[in-house]
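For reference, the chains in residue letters:
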Amino acid sequence: MSKTASVALAPSSSLFARLLASIDRLLMASARISIRNGDLPRFGL
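Just so you know, the residues in each chain are numbered from 1, in the order the chain's sequence is written. Per-residue local features of the predicted model are confined to residues with pLDDT of at least 70, and side-chain atom pairs are confined, for both listing and counting, to 80 or more; whole-chain, interface and lining totals are unaffected and use all residues. Hydrogens and waters are ignored; side-chain quantities use all the structure's heavy atoms.

1. Quick notes on the overall build of the chain
- Secondary structure elements follow DSSP: runs of H or I of four or more residues count as helices, runs of E of two or more count as strands, with numbering from the N terminus. In terms of regular secondary structure, the chain is built from 1 helix and 0 strands.
- Counting all 45 residues of the chain, 7% fall into the buried class. In this scheme, a residue with accessible area under 20% of its type's maximum is buried, one over 50% is exposed, and one in between is partly exposed, where area comes from a 1.4 Å probe on protein chains only.

Structure, rendered in structure tokens:
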């Protein structure tokens with residue numbers, strides 16, 4: 001048996017990553033609506 005200790009890592013989805021993912025979902029939904037209406041989607045915030 002090896003003498004190394006295993007460390008339990010925190011989940012990779014931190015609060016900041018979840019916030020960025022929700023902003024990304026919001027922007028993608030807005031782009032889909034714009035494309036459906038025949039407009040050019042806005043890029044970025």
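There's more to say after this.
2. Observations concerning a nonpolar patch on the surface
- Each patch is assembled from residues with relative accessible area greater than 30% and no salt bridge, linking like charges that lie within 9 Å and nonpolar side chains (Val, Leu, Ile, Met, Phe, Trp, Tyr) that lie within 5 Å. Accessible surface is estimated by sampling points in the Shrake-Rupley manner with a 1.4 Å probe; for residues, cover comes only from the protein chains shown. Salt-bridge detection follows one rule: a side-chain nitrogen of Lys or Arg within 4 Å of a carboxyl oxygen of Asp or Glu. The grouping of Phe-16, Leu-19, Leu-20, Ile-23 and Leu-27 at the surface amounts to a nonpolar patch, some 440 Å² of accessible area in total.
- Among the structural elements, Leu-20 can be located in helix α1 (residues 15-36).

3. What to know about the side chain of Ser-34
- Residue position: Ser-34 is located in helix α1.
- In this structure, Ser-34 is in contact with Asp-39, Leu-40 and Pro-41, ignoring residues within four places of it in sequence. The criterion used for residue contact is that any of the two residues' heavy atoms lie within 4.5 Å.

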